[in-house]
Protein chains: 2
Amino acid sequence: MAEREAAERAARAAAENYGTENYGKLPMNQSQERKGVNRIRVSDINAGRAGETVTIRARVHTSRATSAKLAFFVFRQQDSTIQGVLTIDETNISKNFVKFASNVPVESIVIVEGIVMRTQEEIKSTTVSDAELQIKKFYVMSETHGRLPFSLEDASRSEEEFNKEDVQFSRVTLETRLNHRVVDLRVSRMRALITVANHGIFRIQSGICQLFREFLLSKSFIEIHTPKIIGAASEGGSNVFSIKYFKGEAFLAQSPQLYKQMCICSDFERVFEIAPVFRAEDSNTHRHMTEFMGLDLEMAFEEHYHEALDILDELFVFIFDGLKTRYASEIKTVKSQYPSADFEYHPKTLRLEYKDAVQLLRENGTEIGDFEDLSTEKEKFLGKLVKEKYKTDFYILDKFPLAVRPFYTMPDSNDNRYSNSYDFFMRGQEILSGAQRIHDPVFLEERAKVHGVDIRTIQPYIDSFKRGAPPHAGGGIGLERVVMFYLNLDDIRRSSLFPRDPKRLEP
Amino acid sequence: MAEREAAERAARAAAENYGTENYGKLPMNQSQERKGVNRIRVSDINAGRAGETVTIRARVHTSRATSAKLAFFVFRQQDSTIQGVLTIDETNISKNFVKFASNVPVESIVIVEGIVMRTQEEIKSTTVSDAELQIKKFYVMSETHGRLPFSLEDASRSEEEFNKEDVQFSRVTLETRLNHRVVDLRVSRMRALITVANHGIFRIQSGICQLFREFLLSKSFIEIHTPKIIGAASEGGSNVFSIKYFKGEAFLAQSPQLYKQMCICSDFERVFEIAPVFRAEDSNTHRHMTEFMGLDLEMAFEEHYHEALDILDELFVFIFDGLKTRYASEIKTVKSQYPSADFEYHPKTLRLEYKDAVQLLRENGTEIGDFEDLSTEKEKFLGKLVKEKYKTDFYILDKFPLAVRPFYTMPDSNDNRYSNSYDFFMRGQEILSGAQRIHDPVFLEERAKVHGVDIRTIQPYIDSFKRGAPPHAGGGIGLERVVMFYLNLDDIRRSSLFPRDPKRLEP
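Analysis parameters
Residues numbered from 1 in each chain as written. Chains lettered and ligands numbered in written order. Predicted model: local features only at pLDDT ≥ 70, side-chain atom pairs only at ≥ 80, totals over all residues. Heavy atoms only, no water. Helix = DSSP H or I, 4+ residues; strand = E, 2+ residues; numbered from the N terminus. Rg over C-alpha atoms; globule rule 2.2 N^0.38 Å. Buried < 20%, exposed > 50% of the residue type's maximum accessible area, 1.4 Å probe, protein only. Contact = heavy atoms within 4.5 Å. Least-squares fit on C-alpha atoms with pLDDT ≥ 70 in both. Buried area = accessible area lost by both parts, 1.4 Å probe. Salt bridge = Lys/Arg side-chain N within 4 Å of Asp/Glu carboxyl O. Polar contact = N/O pair within 3.5 Å; in protein donor to acceptor, adjacent residues only side chain to side chain. Nonpolar A, V, L, I, M, F, W, Y, C, P; charged D, E, K, R; others polar. Pairing = 2+ DSSP bridges. Axes fitted to C-alpha atoms, helices over the stretch in contact; angles between N-to-C directions. Disulfide = S-S within 2.5 Å. Phe/Tyr/Trp six-rings, centres within 6.5 Å; stacked < 30°, edge-to-face > 60°.

Summing up its helical and strand segments, chain A has 15 helices and 17 strands in all. Taken against the 2.2 N^0.38 rule, which gives 23 Å for 507 residues, the C-alpha radius of gyration of chain A at 29 Å runs more than 25% over that of a compact globule. Across its three principal axes, chain A shows a C-alpha extent of roughly 105 × 55 × 40 Å. Counting across all 507 residues of chain A, residues that qualify as buried make up 59%. In chain A, of all internal contacts separated by at least 6 residues, the share reaching a separation of at least 24 is 69%.

Here it is, written out as structure tokens:
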């Protein structure tokens, strides 16, 4: 009896064990060979290819074995997904194959070969809606280890879904997301069409940089790279990071301000830079980081700093137009997880003077002094008033009080309590600060002294103007802020790949 | 008598003092008014405009009064120059005007109005050769203070000129140039056509970045920005700068290596970054800086790391082709001050394996172990041998010994004493280093331990691979090195706007 049972078991096992070459774990890829495989992108698969055998590299997004003989998969490749069906047959696909495949943990990367099949009905849960794969081969290229820190479904829900009364979902906090940023960055939405909101955010971020450069290069600007390690805390010592520099000390640049101006003194005429800036501010708010990307520009002008203001104005309209036309699908994707009203702007940007803003605030019951700086609260309230009155999420505030601006800001020639300086606002919050700079070395030194700046720390900068300098103006833009306010995200950390704040240095 | 003399003096003075509105110092530009002046670029002036009255903003490059009645000027605007002639007349241009104008120090910025005049003969000392300006108005916008640190003529001579026996020029050292970088960056050449070698160098640098991005964006790469402040000295502690970070400590990233790989783990598939990298190496050589620009890229591949190598290879050929076609005049300009043989490369780049390089060195009398790293000296000698044998200044060395590469380098599957890693060389010196990276977290941890890396410092990095990672490869390029070796400059500091080394933090 025992012998017979053993023989039967062996026969069953053998019967279940055919076609073992069709599935399994691949050895670690060490570039063993280059056959020139032809893998297809999931986004390129559709019913038009019905009957074709194709191979994909994708993640197991979901898997579900409905019996020992049949399993369903969703495979994901960036923001595209496709359904896969695995059914046993008598020669190539055994129960063992089905068991193996359905046990592969989600998020593992697999190589799947299958036949494209036209589906009877539209599949609503995947981006490829008219076709699926009849799986023939299934290999694990990279398997996940241990449990995921959170489920991608949980992480991809929008606020709307949480607010429904009849369901209960776990909310993945921003803190948890950032602790496991590598998984968070993959996050997909499952409802209707899948979306990868986080990829969308960073494609838009990348797009803003491309548009910024494209516009400025067309206006004869040149790209520069200025040092981030500097010898003196030249823009004020309080919020600067210090570095141990061999046997001495150095500092991290709080902006490329002084250096981009020095390039103007070197006759570069028009320069821009995209680079990290560092601020040792102990601010734990939703809009501050200790490291962020600065999009900076500076230009000589002929007569009036509004020549620069015009360029900056045009630049932003160019970026907003470009986002709308070139990044429509990414914007849609992000909005599906982070719903918000479309960003409103006009072809010709609204410009207000500071004193008009003060007036507007007063008319609406806010007390503010003529030369008082805008607090965050007042800034936001002003944005709200502007939006109501002018129907725009984007505007320029010109002629700030001199006292609230940096020492190198040029005073207004008509009233030196004001200055030739401006901020740009998106959804009521500042995203650019700029001004005409003082190009006269004697006056510059005088103003630095008024501000209590130690002249010795900025001597090379002041000396630059002694060799002759044209009048010039420029501005600095916070990249993550533009992304954040354009998409109306609730926290700037969502628009930084690996954000840094006083409490976060990892990952 | 005295009265008569006084009266005559007054009459003479009055006679010399007419037309005072046509010259003088302008008040500091504070954007007093915006008339919409129409200033012309010097490069747009030619004999075709003869008879037109034009206004330019330019520097006084040279000035020479041949008498009290006549003065000659050369005005410079970036790399264009034009001659100006100032002659007294009876109504508008007085001797005082001539005296005032010829006393304006060189390098001052002036606004000059004049009539374009066709010249009788070709002017060989200015870029505008068929026209000059008959000066009518002459205003100082920004005057230089004090003596220039060196004369631009001295600073713009080529080695050839110093080597002539019959002349004696002062040589401006690199040290002096860098101390006064703002003036140095303007440096022009006076012989034949004027050239501004330094502007040329940085236009080429800017061009390399544009070409790098243009190529990679066309290959579906996305631009990323990764943090420069990091929580742990993750790539080895010896040459990392430490920062005081609020109450704790942080470090400056020595490369975006770990972060760009983490983006691959987040399914970005293909990423690039242009950003500063920081190395606390106490090396005072002609090719080391403590801060330089890294052009980094990383990509998932299907089968073999040579997919990435092919992209990198194509990328460089695209950059070299682009420089040749789009930056021909800048290259010519730089070469006129820093003469060098044209950079030679082939449409299909030469690829050698490390063991072939060892063989080639041995055949030429150099002793080197099979798995020994290339010293700078051997690297250069190898470049010389390659150039002789293959007529190229650009080649790829593949399959480096595993032991000389970083811990995350994938070993060769056929012989684990070698690795799937490569360097690219220009004029015999390394400008890119790259490899297939280990994407298996268990093996990665094992290799890190072999290298003595403290696993705790790279835990978030290792964890990234536990969520599934595709095989991937990439590389990091030193921007200033590419500029330096392409143009065959003698020191990397010439290809950095404001270079940083262990001894230089200013300007």
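Turning chain B through 180° and shifting it by 0.0 Å along the axis lays it on chain A, with an RMSD of 0.0 Å. What we have between these two chains is a two-fold relation. Closest to the rotation axis within chain B is the C-alpha of B:Ile243, separated from it by 2.3 Å. Both copies share a contact surface, since 100% of the interface residues of chain B are interface residues in chain A too.

The partner chain A presents 115 residues to the 115 residues of chain B that form the contact. Note on chain B versus chain A: buried area summed over both sides is about 9,700 Å², and carbon and sulfur give 56% of it. Ranking the residues of chain B by area buried against chain A places B:His225, B:Glu303 and B:Arg467 at the top, with a combined share of 9%. Our enumeration of links across chain B and chain A arrives at 14 salt bridges. Taking the shortest distance from any N to any O, the salt bridge between A:Arg57 and B:Glu302 comes out at 2.9 Å. At the junction of chain B with chain A, the criterion picks out 82 residue pairs in polar contact (both at pLDDT 80 or more). Split by residue class, the side of chain B that touches chain A holds 51 nonpolar, 28 polar and 36 charged.

The next point concerns the pattern of salt bridges. Residue and element names in this part refer to chain A. Tallied over the full model, the rule gives 88 salt bridges over all chains. Taking the shortest distance from any N to any O, the salt bridge between Lys35 and Glu33 comes out at 3.6 Å. The exposure class assigned to Lys35 is exposed, which follows from its relative accessible area of 63%. Using a relative accessible area of 46% as the deciding quantity, one classes Glu33 as partly exposed. We note a salt bridge from Arg504 to Glu175, for which the minimum N-O separation is 3.4 Å.

Okay, the pairing of strand E14 (residues 394-398) of chain A next. Residues and elements named next belong to chain A. Of all five residues in E14, five are buried, a share of seventy percent or more. Covered by surrounding structure in E14 are Phe394, Ile396 and Asp398 together with Tyr395 and Leu397, the residues of both alternating faces. Where E14 lies against strand E15 (residues 421-426), five bridges are found, and the strand directions are antiparallel. Across the sheet, Asp398 pairs through a bridge with Tyr422, a residue of E15.

Moving on, we get to the side chain of B:Thr290. Checked against the element boundaries, B:Thr290 lands in the loop between strand E11 (270-278) and strand E12 (291-300). A residue is classified by how much of its surface remains accessible, and B:Thr290, at 0% relative accessible area, is buried. When neighbours within four sequence positions are excluded, B:Thr290 is seen to be in contact with A:Tyr245, A:Phe246, B:Phe241, B:Val277, B:Phe278, B:Arg279, B:Glu281, B:Arg500, B:Asp501 and B:Pro502.

Turning our attention to the pairing of strand E5 (residues 109-118) of chain B. All names here are of chain B. In the sheet, strand E2 (residues 53-67) pairs with E5 via seven bridges, with the strands oriented antiparallel. Opposite Ala58, over in E5, you have Val110 as the bridge partner. Examined bridge by bridge, E5 and strand E6 (residues 131-142) share 10 bridges and lie antiparallel to one another. Looking at E6, one finds that Met117 is bridged to Glu132.

Residue and element names in this part refer to chain A. The mixed open sheet is built from eight strands, whose spatial order is E7-E11-E12-E17-E16-E15-E14-E13. In this open sheet, the two edge strands, each paired with only one partner strand, are strand E7 (222-223) and strand E13 (350-353). Of the strand pairs in this sheet, E7 and strand E11 (residues 270-278) are connected by two bridges, and their pairing is parallel. Bridge pairing links Glu223 to Phe272 in E11. Of the strands in this sheet, E11, strand E12 (291-300), E13, E14, E15, strand E16 (429-437) and strand E17 (472-478) touch helix H9 (residues 306-326), which is tilted by about 10° from E15. Where helix H11 (residues 354-363) meets the sheet, it contacts E13 and E14, and its direction lies at approximately 85° from that of E13.

Residue and element names in this part refer to chain A. Scanning the model with the defined rule gives zero disulfides over all chains in all. Distance from the sulfur of Cys263, which forms no disulfide, to the nearest cysteine sulfur (Cys265) is 9.0 Å. The class of Cys263 is buried, set by a relative accessible area of 0%.

Right, let's talk about the side chain of B:Ser142 for a bit. You can see B:Ser142 is positioned in strand E6. One polar contact links the side chain of B:Ser142 to the main-chain amide nitrogen of A:Ala469, over a distance of 2.8 Å. Look past the residues within four positions of B:Ser142 in its chain and what remains in contact with it is A:Gly468, A:Ala469, B:Ser108 and B:Ile109.

Of note, the amide linkage connecting A:Glu506 to A:Pro507 takes the cis form, showing an omega dihedral of -5°. Inspection of the secondary structure puts A:Pro507 in the segment after helix H15 (479-487). In the Ramachandran plot, A:Asp267 falls in the positive-phi region, its phi being about 70° despite a non-glycine side chain. The topology assignment puts A:Asp267 in the loop between helix H8 (257-265) and E11. The phi dihedral of B:Ser220 falls on the positive side, at around 65°, and the residue is not glycine. Inspection of the secondary structure puts B:Ser220 in the loop between helix H7 (197-218) and strand E7 (222-223).

What follows is about the environment of A:Ser413. Here A:Ser413 lies in the loop between E14 and E15. A:Ser413 sits in the partly exposed class, given a relative accessible area of 29%. Every residue in contact with A:Ser413, bar those within four places of it in the chain, is listed here: B:Gln30 and B:Gln32.

Residues and elements named next belong to chain A. Per the counting criterion, the structure on display carries 60 aromatic pairs over all chains. Ring geometry for Phe316 versus Phe320: centroids 5.8 Å apart, planes at 50°, classification tilted. Highlighted residues: Phe316 and Phe320, both in helix H9, separated by four residues, approximately one helical turn. Comparing Phe316 with Phe320, the two get one shared label, buried.

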